[in-house]
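# Observations on the model geometry
Listed here are the chains, written in short residue letters.
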Amino acid sequence: MTLLLVIAVGLGFYKAWTIGANDVANGMATVVGAGTLTLKQAIILASVFEFLGAFLVGQHVTETIKGGIVPMETFVSNPMVFGIGMLSVAAASAIWLNIATLLSRPVSVTQATIGGILGFALVSPLGGPKCIQWSALGGIALSWIISPLTGAVFAYVLYRCIVRFVLKSRHPVYFARTAVPLGFSATLGILFLSATYKGLPAITINLPFYGLLLIAAGICAISYAISWYVVELRVRDRRIRLKDRYEVIERWFGRLQVITACYMSFAHGGNDVASAIGPLAGSMHVFSGQAIGTHSSISPWLMAFGGAGIVIGLATMGYKVIATVGHKITEITPSRGFAAAFATATTVLTCSKLGLPISTTFVMVGAITGVGLARGLASLDLRVIRQILSSWVVTIPISAILAGSIYWLLISIPWR
Amino acid sequence: MDWAGIVGKSPFLPMVEHAKKVHECVLKVRPVADAVLAGKIDELTELQHQMSKTEFEADQLKDLIRQSLPTRFFLPVNRDDMTNFLTQMDRIADDAEDFAVVATFRKLAIPAELHADFLAFVDKVVEVSSALLEVSEHLAQLQKQAFVGPEAEEVLLKIQQIAHMEWESDKLSRKFARRYYSENWADPVTIILLDKMCRALAGIADHAENVAKNLRLMILRK
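Residues numbered from 1 in each chain as written. Chains lettered and ligands numbered in written order. Predicted model: local features only at pLDDT ≥ 70, side-chain atom pairs only at ≥ 80, totals over all residues.

Our next topic: the overall build of chain A. The number of helices and strands found in chain A is 13 helices and one strand. Each helix and strand of chain A, placed in order from N terminus to C terminus, yields the pattern α-α-α-α-α-α-α-α-α-α-α-α-β-α. Excluding contacts between residues fewer than 6 apart, the proportion of contacts in chain A whose partners are at least 24 apart in sequence is 89%. (Helix = DSSP H or I, 4+ residues; strand = E, 2+ residues; numbered from the N terminus. Contact = placed C-beta atoms within 7 Å.)

Our next topic: the overall build of chain B. Scanning chain B for helices and strands turns up eight helices and one strand. The order of α-helices and β-strands along chain B, N terminus first, is α-α-α-β-α-α-α-α-α. Oriented by its inertia axes, the alpha-carbon framework of chain B measures out at about 75 × 30 × 20 Å. Taking all 222 residues of chain B together, the buried fraction comes to 46%. Taking all contacts inside chain B whose residues are at least 6 apart in sequence as the whole, residues at least 24 apart take part in 88%. (Buried ≥ 20, exposed ≤ 12 C-beta atoms within 10 Å, placed from the backbone.)

The subject of this paragraph is the interface of chain B and chain A. At the junction of the two partners, chain B supplies 26 residues and chain A supplies 40 residues. Bridging between strand 1 (residues 380-381) of chain A and strand 1 (residues 73-74) of chain B involves two bridges; their strand directions are antiparallel. Its bridge partner being in strand 1 of chain B, A:Leu380 is matched across the sheet by B:Phe74. (Pairing = 2+ DSSP bridges.)

Moving on, we come to the confidence of the model for chain A. Caution is warranted with low-pLDDT regions, since their predicted coordinates should not be read in detail. Of all residues in chain A, 90% attain a pLDDT of 70 or more, and the chain-wide mean is 81. Highest mean pLDDT in chain A belongs to helix 12 (residues 360-373) of chain A (89); lowest belongs to helix 3 (residues 39-67) of chain A (75). (pLDDT = per-residue confidence, 0-100.)

In this structure, A:Ala155 and B:Leu201 are the most contacted members of the largest nonpolar core, which totals 207 residues. In terms of residue count, helix 9 (residues 245-287) of chain A provides more of this core than any other element does, 22 residues in total. With sequence-adjacent residues up to four places away left out, A:Ala155 is seen in contact with A:Ala339, A:Ala340, A:Ala343, A:Ala367, A:Gly370 and A:Val371. (Core = buried A, V, L, I, M, F, W, Y, C linked by C-beta atoms within 7 Å.)

In a pair of packed helices, the angle between the axes and the distance between the axes together describe the arrangement. All names here are of chain A. Running from N to C, helix 6 (residues 134-167) and helix 11 (residues 334-353) cross one another at 145°; their axes reach a closest spacing of 8 Å. Between helix 6 and helix 11 lies a crossing of right-handed hand. Residue-level contacts link Ser-143, Ser-147, Thr-150, Gly-151, Phe-154, Ala-155, Leu-158, Tyr-159 and Ile-162 of helix 6 to Ser-335, Arg-336, Ala-339, Ala-340, Phe-342, Ala-343, Thr-344, Thr-346, Thr-347 and Cys-351 of helix 11. Residues that form the contact of helix 6 with helix 11 fall into these classes: ten nonpolar, eight polar and one charged. (Axes fitted to C-alpha atoms, helices over the stretch in contact; angles between N-to-C directions. Left-handed = near helix turned anticlockwise from the far one by under 90°. Nonpolar A, V, L, I, M, F, W, Y, C, P; charged D, E, K, R; others polar.)

On to helix 11 of chain A. Since there are 3.6 residues in each turn of an α-helix, residues three or four apart along the chain are aligned in direction. All names here are of chain A. Between its terminal C-alpha atoms helix 11 stretches 28 Å, which fits the 28 Å expected from 20 residues at 1.5 Å a residue. With 18 of 20 residues buried, helix 11 is to be regarded as a mostly interior element. Gly-355, located one to two residues past helix 11, shows a positive phi value of around 80°. (Expected span 1.5 Å × (residues − 1).)

Quick look at the environment of A:Ala25 now. With respect to the helices and strands, A:Ala25 occurs in helix 2 (residues 25-33). Between the C-alpha atoms of A:Ala25 and A:His285, which are 260 residues apart in sequence, the distance is 31 Å.

Taken over all residues, the pLDDT of chain B has a mean of 91, while the share at 70 or more is 99%. Here the prediction assigns the complex a pTM of 0.85, and the interface score ipTM is 0.83.

Another point: the environment of A:Leu410. Residues and elements named next belong to chain A. Along the chain, Leu-410 turns up in helix 13 (residues 382-411). Looking at Leu-410, the number of C-beta atoms within 10 Å reads 17, which means it is partly exposed. Not counting chain neighbours up to four residues away, the residues in contact with Leu-410 comprise Ile-84, Leu-87 and Ser-88.

Attention now goes to the packing of helix 1 (residues 2-22) of chain A against helix 10 (residues 300-328) of chain A. Residues and elements named next belong to chain A. Packing of helix 1 against helix 10 leaves a shortest axis separation of 6 Å and a crossing angle of 40°. Here helix 10 runs oblique to helix 1, going by the angle between their axes. With respect to the hand of their crossing, helix 1 and helix 10 are arranged in right-handed fashion. Residues Gly-12, Phe-13, Ala-16, Trp-17, Thr-18, Ile-19, Gly-20, Ala-21 and Asn-22 of helix 1 lie in contact with helix 10, whose contacting residues are Gly-306, Gly-309, Ile-310, Val-311, Ile-312, Gly-313, Leu-314, Thr-316, Met-317, Gly-318 and Val-321. Looking at side-chain class alone, the contact of helix 1 with helix 10 contains eleven nonpolar, nine polar and no charged residues. (Parallel < 35°, antiparallel > 145°, perpendicular 65-115°, else oblique.)

Attention shifts here to the environment of A:Thr30. Residue and element names in this part refer to chain A. Residue position: Thr-30 is located in helix 2. Judged by the 33 C-beta atoms lying within 10 Å of it, Thr-30 falls in the buried class. Each C-alpha atom of the pair Thr-30 and Ile-388 lies 19 Å from the other, and the pair is 358 residues apart in sequence. Excluding residues within four positions of it along the chain, Thr-30 makes contact with Gln-257, Ala-261, Ile-329, Ile-332, Gly-337, Ala-340 and Ala-341.

We now examine unusual backbone geometry. In the Ramachandran plot, A:Arg375 falls in the positive-phi region, its phi being about 60° despite a non-glycine side chain. Relative to the assigned elements, A:Arg375 resides in the loop between helix 12 and strand 1.

This is the structure:
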């Protein structure tokens, strides 16, 4: 039992490390690519916000992953099966993530985890096809199709609006004075809502949703006023030559982009860390000798542990990935990066709040495709999009098979 | 994770490079014209070699851009406008090379009173090409700005000016043609060669205007 607990803890840390090493590039690469932040600054910001996201919003998603597809009640009679099962799910998704990274295909931790749970539930003696909540699984699968589409449409519309109202206008700087505070206040407002509404119990304010909405609106208004004033102070009394206008606008969008990148790291932390830690939380629970509760809560310390794993992954490997990806996407100007990141983070946070475990990577791919289709990229490689879609399709069956085999292997070992 | 691959390489920066190379060819037209008038046939051969080399380099650049543009790439501008832009640009270099090659065929004796008209025409053509380069250099930056805004407006204005300059070069071409056809100083071969050279020069201006028009389509038809 103790050995299994050690394995579970180690695996959880390893998964968090992998996410830190690979996935964090999602949010920060655009900022580094656009040249708004240096690599070092990006790493520091990413660490802080990934950690906060995991700590503050992570729990909600975790519960869905653990309980949504396979009801806990199935395993009450034999917690060991559940514990080992979740362990094999984590191992399977870690293996598949590593293989995919070697093939340099972006796959999602969330998808691998769901696939693993499916595989384990199918082969375990207590499970079988009957115990799986196919409707819940269908909902999750549907959200994987809908979320990148939402990200794409959102980013498309956002970028077209930036083009239409800022870049195309006769007085672009004048309109940037409205657009930048607008983006800033929207980011803060949504961040506030996501942290408080169904967030961490410790900071959840006991108010109905419309009350929170009202406070969020207030935060929006105040932050709009403040940022408008700051921009106004900087821009007023300065003659900007026609030639330099574009540069000035992009500089403002660059500052906004930093905030949205933090926002995205936050959303990523909340969504993906949860899906990495979720299954292990279940097995640790069992291995430390507790019974399975029907709604076993995950201690915030476990989420903090996951967050720490991410930060270490970021510090040891992640910076390289950010540098590589950032170098590849220098095409993305701050205004485009802002559109993509804002659309991604909002979609991811909304889905996390709805308890839908979706993939940040996929929403990001959707959002960048959206910007590209809005004619925001010099060229959009449709073949790579097709490849990404194909690796998405194979993730579920592969991680299901892996998890099933690992479970079968582990259960045949006589653990004391 | 490698989602960054969906952002393809920008064809616009190489296109600016190509435009610069093509203009390099056109810049050699004036030295060739000077050598023709001075009757320095050795210098002409040397110039023609240089011209062919530059034209070849431009060709290579063009092929490289073409290769990097398979249909799997979604472009922010109309694909046909883009390929036409490249084709027309390529023809500018071809015509500049043609001009240099024809100039080496035979030592021409052109009377001094025609020199001014000839050089005026040559200079106008080079001027059209310079104006085109100035516009083409905006291409990469325009793409970053989604082909809208003050810079795009400015480029559209300059494209109008290029069309006007091409018309001026046409007038100069006609004026020069009237002179060398109407006077009885020359033998028919000289006139044929002069005519060929003038056609090449007119071709440079023509294609430059077409490139500019294609750029306008890219801006308007995005």
